Structures are given as C-alpha cells and as structure tokens.
Amino acid sequence: LIREEQTTIVTASQTTSNVNFQLSAGGTLSGRVSSAGIPLKDIVVYISDETGDYQNYVITNASGIYTTTALPSGEYTVFFRPTSYIPEYYNDHKVDAGQRDRVIITAPNTVTGIDAELAPGSSISGKVVDADTNLPLQGIFVEILNMQGRRVETATTAADGSYTSSTSLASGSYLVRFNADNRNTTCAYVTEYYSDSLTMAGATPVQVVVPNIVTGINGALSRGSIIFGKLSDEATAAPITGGIVRVSYPDGTFARWGRLNMFGGYHTETALPSGNYIVMFDDNDNGYIDEYYDNQLTKEAANLVTLSAPTNIYNINAALRKGALISGQVKAADTGLPFTDGYVIVYDLVGNEIAGASLEDDGSYLVSAGLAPGDYLVAAMPYSFEGSEVTSLLPAQGIPAPARSSYVLSFHGGAITTATAKKVTITTATTISGIDISMLHGVWLPGTMR
C-alpha cells in the first residue's frame with residue numbers, strides 16, 4: 001500500500017477522532033540479477049523516481065530475485081550496485097554512460113523482468129607510506145575517481161599501509177586520491193593524487209583493463225601544517241561556538257574547513273602544504289560581522305597566513321563584533337498580498353551579495369547575518385526569475401499583467417536596478433526595520449538576457 005500523509009488539528013485536552021486513512025494499492029517492480037547466467041545473491045538494487053522524492057533499496061535473494069512494492073505511479077530509475085561486479089543502471093547502461101532507461105509503473109500493476117546481467121570488474125591496489133620515514137600509514141581514505149573527478153570507488157589503508165578497491169571497476173581511465181582523514185592521526189598529512197600531485201589537474205591517470213587487477217598505485221604523503229585558533233565576542237570575550245572557519249588560497253579557491261568546538265576553538269580538519277592562505281571567520285548568521293584574518297572585512301584586505309610545513313601555526317584568532325540586522329516585509333505590488341515565492345538578498349553598492357534571508361508566510365523577513373556599517377541595497381528575488389523579464393509598471397497601475405508575465409527582482413524603494421534602488425545605511429549594530437519591498441511584474445521578451 002502507498003504511504004499517505006494528512007494534516008490534522010489537535011486541541012490540547014480534547015480527543016480528535018475519525019482521523020482515518022484509505023490507502024491505495026501501490027505498484028510492484030521485480031527482476032533478476034545474474035552474471036554469466038548464474039544468479040547473484042545480496043546485490044543491492046536502488047529504486048528512485050525522477051524527482052528523487054521516492055528512494056528505496058532492496059537486496060537480491062539466493063535466486064538473484066529482488067522485489068519492491070508500494071510504488072506510486074510514475075517513472076523510476078533502477079540502479080544495480082554490487083561490490084564485485086561493474087555497477088550499472090537498467091537497462092545495461094554502465095554508470096558513466098550518461099543514459100538510463102526509465103521504468104514506468106502504473107499502480108497497482110506489477111512490472112517484472114527488470115533484470116541485470118552484471119559483468120566482472122577490476123580493482124586498483126597499492127600502498128601508502130610516510131614520505132619522510134617510509135613507514136606505512138593506516139587509515140588513509142583512498143578514492144577512485146573518474147576523469148571528471150566523480151567518486152567511483154573507495155578503500156581505506158590497513159595497518160601495513162595497503163589498500164585494495166572493490167572489483168567493480170570497468171575498463172577505462174581513473175584518478176586515485178589519497179586523503180588525509182580528520183577522524184584519525186592521518187589528519188597531519190597533506191592529501192595528494194597519484195602520482196605525487198597536489199591537484200587533480202596534475203594527477204597521473206591509472207588505466208584499467210578488465211579483468212586485470214592494477215597493482216602498485218602507491219602514495220607517499222608528506223606532513224603538512226595545521227592552523228589553530230579561537231573565535232570570541234569582541235565585547236565580552238565569550239567564546240563563539242557556532243560557525244565555521246574557511247581557509248582558501250590567495251586566488252579564493254577553497255582549501256580547508258576549520259570547525260568550531262564548544263570552547264570556540266578550531267583547527268583545520270587536515271593539514272595544508274607550505275604556502276600562503278586566507279582565513280575567513282563565519283558565524284553562520286548569528287548576528288556577528290564575518291571577517292578575515294586579521295580583523296579585515298574583505299578578502300582583498302585580508303592578512304595572509306604563511307605556513308611552512310610541517311610546522312603548525314597557532315593563535316590565528318578572531319574577535320567578532322555584533323553587526324546590524326535588517327527586517328521588513330515583501331508584498332506583491334499588484335495585489336498587496338504577502339509575497340512568499342522567493343527570498344531576500346542584501347548587496348553592497350558594487351553588486352556583491354553580502355547576506356540573505358528567507359520569507360515567512362506573511363512575507364516578512366529578517367537578515368540575521370551581522371552587517372558592518374555602510375550602505376547596502378536590499379532586494380527580493382523570485383524563485384522563478386531567470387533574468388529574461390523586463391519590468392512593466394502596468395500591473396501597479398491597475399492594468400492586468402500581460403500574458404507570460406512574472407514577478408522580477410525588485411529592490412527596496414520600488415526599483416528594478418541597482419542604479420535606482422534606495423540605499424539602506426547602517427551606522428550602528430541595531431535592527432533596521434521597515435525595509436519593505438514591493439514585487440513588480442515583468443513581461444517575458446524573447447532574446448533578452450540578464
């Protein structure tokens with residue numbers, strides 16, 4: 001039977017009765033998984049619909065048969081995920097083929113014969129050691145990636161540093177990444193690719209030809225540097241325990257996360273190679289002004305943190321100060337009703353997105369990210385906005401909106417461009433209320449672009 005949900009209003013101290021359900025029979029899907037005609041037991045079969053709302057998995061029995069029931073009518077994808085054979089989608093589409101046949105279910109009917117004939121695959125093996133001592137490294141998380149960088153298989157090094165992936169690799173080219181793991185002592189090492197590359201672009205592809213096993217794909221990892229520090233409130237010196245620290249390279253490319261603990265302390269999850277880095281402190285929209293080391297508001301003004309591996313660096317701290325909040329309400333200009341089908345964005349005067357907020361059922365919003373003193377523009381963005389509309393004021397004048405119209409990006413002050421938007425000036429760490437927005441209609445014009 002298909003699962004159903006409904007909303008019921010319950011009043012305290014009273015009994016709500018007759019909350020009844022009438023369940024509908026669902027569809028059934030089944031098939032057989034084999035290899036060279038021999039049934040395969042314990043093969044995991046994933047079933048999902050086209051929206052991802054329905055996801056389930058079943059396992060084949062000793063006869064290679066799997067069955068799943070209670071499926072709502074719709075189109076489904078079936079994925080066969082073994083560990084000793086090459087995974088594939090129905091019908092005989094390998095994982096990287098970019099194609100998958102949909103299975104149409106019409107409840108309560110049964111669809112049978114969604115079978116798979118799996119082919120044996122190959123594996124990759126090797127050993128990971130300390131580059132300086134040549135001692136084995138246990139607990140290195142090894143990822144087998146396709147040439148686009150998507151994970152295909154994984155393995156973890158044993159006490160002797162060895163690893164072997166599952167025999168599920170199809171013939172082709174792969175990249176191998178040796179990951180330092182923040183869950184154990186290997187966090188002190190620098191992640192790298194085979195062979196001895198810090199970047200995916202410099203990695204050496206590994207060629208796999210089924211059924212041959214590829215051996216000798218080894219790694220020698222070097223110790224790196226870990227950044228330590230603390231976040232606190234500038235006014236009270238109390239630790240800030242909610243948020244995250246983002247470490248990036250000077251060009252802005254992400255490098256590592258640092259996660260806060262209950263005492264406001266942090267350290268990068270794994271070590272970094274020698275070099276210069278930008279450290280950014282983000283309190284996750286809890287009212288503080290995000291900043292860069294050392295006490296700077298922009299990436300361009302940030303002081304670089306220089307690492308010399310394998311020496312760790314300490315006291316990369318930040319004392320954050322409270323910022324201003326912005327609140328208001330968003331309504332449709334043509335109806336005056338609350339607008340909820342979108343979200344709010346705060347821009348600086350050059351167009352950079354600084355903060356955002358979601359819309360409540362009454363169209364109200366609160367930007368809870370602490371904002372530094374300065375001038376800002378506040379806009380509401382419809383979910384459906386694609387940048388191909390040009391605003392028309394006709395609806396606001398009481399004339400019905402033309403066909404193929406929609407709401408467009410609208411700024412506080414009744415504007416649709418940054419040039420004419422009304423500025424919101426912040427001088428102190430307070431809540432600026434009444435920053436309301438009227439959503440304007442636009443008309444779709446072919447050939448225009450945002």
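Position numbers for residues count from 1 along each chain, tracking the sequence in the order it is written. Given that this is a predicted model, residues contribute local features only at a pLDDT of at least 70 and side-chain atom pairs are listed and counted only at 80 or more, while totals for whole chains, interfaces and linings are drawn from all residues. To obtain the side-chain values, all non-hydrogen atoms of the structure were used and water was disregarded.

**Things to note about the overall build of the protein**
Reasoning step 1: Elements are defined by DSSP. Helices are runs of H or I of four residues or more, strands are runs of E of two residues or more, and each kind is numbered from the N terminus. Per the secondary structure count, the protein includes zero helices and 39 strands.
Reasoning step 2: The globule rule used here is 2.2 Å times the number of residues to the 0.38 power, and the radius of gyration it is set against is calculated over C-alpha atoms. For the protein, the C-alpha radius of gyration of 28 Å lies well beyond 22 Å, the compact-globule estimate for 450 residues.
Reasoning step 3: Overall, the C-alpha framework of the protein stretches about 70 × 65 × 60 Å when taken along its three principal axes.
Reasoning step 4: Only protein chains enter the accessibility calculation, which uses a 1.4 Å probe; a residue whose area is less than 20% of its type maximum is buried, one above 50% is exposed, and one in between is partly exposed. Relative to its 450 residues, the protein shows a buried fraction of 42%.
Reasoning step 5: The contact definition used throughout considers only heavy atoms, calling two residues in contact when any of these lie within 4.5 Å. Residue pairs in contact within the protein that sit at least 24 positions apart in sequence constitute 66% of those at least 6 positions apart.
Reasoning step 6: Methods summary: accessible areas were calculated by the Shrake-Rupley approach with a probe of 1.4 Å, and residue burial reflects only the protein chains presented. Summed over its atoms, the accessible surface of the protein is roughly 23,100 Å², and 50% of this surface lies on carbon and sulfur atoms.
Reasoning step 7: Charge centroids of the protein, computed over 25 positive and 43 negative side chains, lie 3 Å from each other. Charged-residue counts in this description rest on Lys and Arg as positive and Asp and Glu as negative, His and the chain ends being excluded. Every charge is mapped to an atom, namely NZ of Lys, CZ of Arg, CG of Asp or CD of Glu.

**With respect to the sheet that holds strand E12 (residues 125–130)**
The pairing of strands in a sheet happens through backbone hydrogen bonds and is either parallel or antiparallel.
Reasoning step 1: Strand pairing requires that DSSP identify at least two bridges connecting the strands. Read from one edge to the other, the open sheet built from three strands follows the order E15-E12-E19, with strand pairing classed as mixed. The two strands at the open ends of the sheet, each matched to only one other strand, are strand E15 (162–164) and strand E19 (219–221). Across the sheet, the mean angle separating the axes of adjacent strands is 25 degrees when strand polarity is ignored.
Reasoning step 2: Pairing of E12 with E19, which is carried by three bridges, proceeds in the parallel orientation. Opposite Asp130, over in E19, you have Leu221 as the bridge partner. Lines are fitted to the C-alpha atoms to define the axes, a helix being fitted only along its stretch in contact, and any angle between axes, read from their N-to-C directions, falls within 0 to 180 degrees.

**Quick look at the pattern of salt bridges**
Reasoning step 1: Each reported salt bridge corresponds to a side-chain nitrogen of Lys or Arg within 4 Å of a carboxyl oxygen of Asp or Glu. Summed over all chains, the structure comprises seven salt bridges.
Reasoning step 2: Here Arg151 ties to Glu143 by a salt bridge, and the two come within 2.8 Å at their closest N and O atoms.
Reasoning step 3: Look at Glu143 and you get buried, because its relative accessible area is 5%.
Reasoning step 4: Of the charged contacts in the structure, one is a salt bridge between Lys423 and Asp375, with a shortest N-O distance of 3.9 Å. Remark: Asp375 occurs in strand E32 (residues 374–382) and Lys423 occurs in the loop between strand E35 (410–411) and strand E36 (424–426); sequence separation between them is 48 residues.
Reasoning step 5: Among the residues examined, Asp375 registers a relative accessible area of 27% and is labelled partly exposed.

**Considerations on the side chain of Glu143**
Reasoning step 1: Residue placement: Glu143 occurs in strand E13 (residues 141–145).
Reasoning step 2: The term polar contact refers here to a pair of N or O atoms within 3.5 Å; inside protein, the definition further demands a hydrogen-donor-capable atom paired with an acceptor-capable atom, and it admits residues adjacent in sequence only when both atoms are side-chain atoms. Within the structure, the side chain of Glu143 is placed 2.8 Å from the side chain of Arg151, a separation counted as a polar contact.
Reasoning step 3: A polar contact of 2.7 Å, which involves the side chain of Glu143, links it to the side chain of Arg177.
Reasoning step 4: The contacts of Glu143, once residues within four sequence positions are left out, are Arg151, Glu153, Thr154, Leu175, Val176, Arg177 and Asn179.

**Quick word on the confidence of the model for the protein**
Reasoning step 1: Summary statistics for the protein give a mean pLDDT of 91 and a share of 92% for residues scoring 70 or more.
Reasoning step 2: Confidence of the prediction at every residue is given by pLDDT, a number between 0 and 100. With pLDDT under 50 throughout, residues 388–405 is counted as low confidence; its partners more than four residues away or in other chains account for 32 contacts.

**Some points on the nonpolar core**
Reasoning step 1: To qualify as a nonpolar core, a set must consist of buried Ala, Val, Leu, Ile, Met, Phe, Trp, Tyr and Cys residues joined through side-chain atoms within 4.5 Å. Core analysis: the largest hydrophobic core is formed by 25 residues, its most contacted members being Ile326, Val330, Val344, Tyr365, Val367 and Val378.
Reasoning step 2: Sorting the residues of this core by element identifies strand E28 (324–332), strand E29 (342–347), strand E30 (353–358), strand E31 (364–371), E32, E36 and strand E38 (437–439) as the ones contributing at least two each.
Reasoning step 3: Those residues in contact with Ile326 that lie beyond four places of it in its chain are Tyr365, Leu366, Val367, Leu371, Val378, Val424, Ile426, Ile432 and Ile435.
Reasoning step 4: Core analysis: the second largest hydrophobic core is formed by 20 residues, Tyr163, Tyr174, Val208 and Val214 among them.

**Structural notes on a nonpolar patch on the surface**
Reasoning step 1: Candidate patch residues must exceed 30% relative accessible area and have no salt bridge, after which like charges are joined if within 9 Å and Val, Leu, Ile, Met, Phe, Trp or Tyr side chains if within 5 Å. The grouping of Val19, Phe21 and Leu23 at the surface amounts to a nonpolar patch, some 260 Å² of accessible area in total.
Reasoning step 2: Considering the arrangement of structural elements, one finds Leu23 in the segment before strand E1 (27–35).
Reasoning step 3: Residue classification places Leu23 among the partly exposed positions, given a relative accessible area of 42%.

**Structural notes on the side chain of Arg177**
Reasoning step 1: In this structure, Arg177 sits in strand E16 (residues 172–179).
Reasoning step 2: Within the local environment of Arg177, its side chain forms a polar contact with the side chain of Tyr193, the two groups lying 2.7 Å apart.
Reasoning step 3: Among all residues touching Arg177, those that are not within four sequence positions of it are Phe141, Val142, Glu143, Leu145, Thr191, Glu192 and Tyr193.

**What to know about the environment of Asn182**
Reasoning step 1: Checked against the element boundaries, Asn182 lands in the loop between E16 and strand E17 (192–193).
Reasoning step 2: Looking at Asn182, the relative accessible area reads 44%, which means it is partly exposed.
Reasoning step 3: Once the C-alpha coordinates of Asn182 and Ala271 are considered, the two residues, 89 residues apart in sequence, prove to be 9.1 Å apart.
Reasoning step 4: Those residues within four positions of Asn182 in sequence are excluded, and the remaining contacts are Cys187, Glu269 and Thr270.

**Some words on the packing of aromatic side chains**
Reasoning step 1: When two rings of Phe, Tyr or Trp (its six-membered ring) have centres within 6.5 Å they constitute a pair, described as stacked for plane angles under 30 degrees, edge-to-face for angles over 60, and tilted for the intermediate range. Evaluation of the coordinates by the stated rule reveals 13 aromatic pairs.
Reasoning step 2: Aromatic side chains Phe228 and Tyr314 sit 4.8 Å apart centroid to centroid with 15 degrees between the ring planes, which places their arrangement in the stacked category. Within this pair, whereas Phe228 is found in strand E20 (residues 228–233), its partner Tyr314 is found in the loop between strand E26 (305–307) and strand E27 (318–320), the two being separated by 86 residues in sequence.
Reasoning step 3: Take Phe228: its relative accessible area is 25%, and that puts it in the partly exposed class.
Reasoning step 4: Ring geometry for Phe254 and Trp257: centres 4.8 Å apart, planes at 45 degrees, overall tilted.
Reasoning step 5: Joined through ring pairs, the aromatic side chains of Tyr46, Tyr57, Phe79 and Tyr89 make up one cluster.
Reasoning step 6: The rule is short: NZ of Lys or CZ of Arg within 6 Å of the ring centre and within 35 degrees of the ring normal puts a charge over the ring. Directly above the aromatic system of Tyr89 lies the positively charged group of Arg100, at a separation of 3.9 Å from the ring centroid.
Reasoning step 7: If you follow Lys322 out to its NZ or CZ, it ends over the ring of Tyr288, 4.2 Å from the centre.

**Points about unusual backbone geometry**
Reasoning step 1: In the segment running from Tyr194 into Ser195, the intervening peptide bond is cis, with an omega of 5 degrees.
Reasoning step 2: Assignment of secondary structure puts Ser195 in the loop between E17 and strand E18 (206–208).
Reasoning step 3: Residue Asp294 is reached from Tyr293 by a cis peptide bond, and omega for that bond is 5 degrees.
Reasoning step 4: In this structure, Asp294 sits in the loop between strand E25 (291–292) and E26.
Reasoning step 5: Here the phi dihedral of Ser13 falls at roughly 75 degrees; this positive angle occurs in a residue that is not glycine.
Reasoning step 6: One can find Ser13 in the segment before E1.

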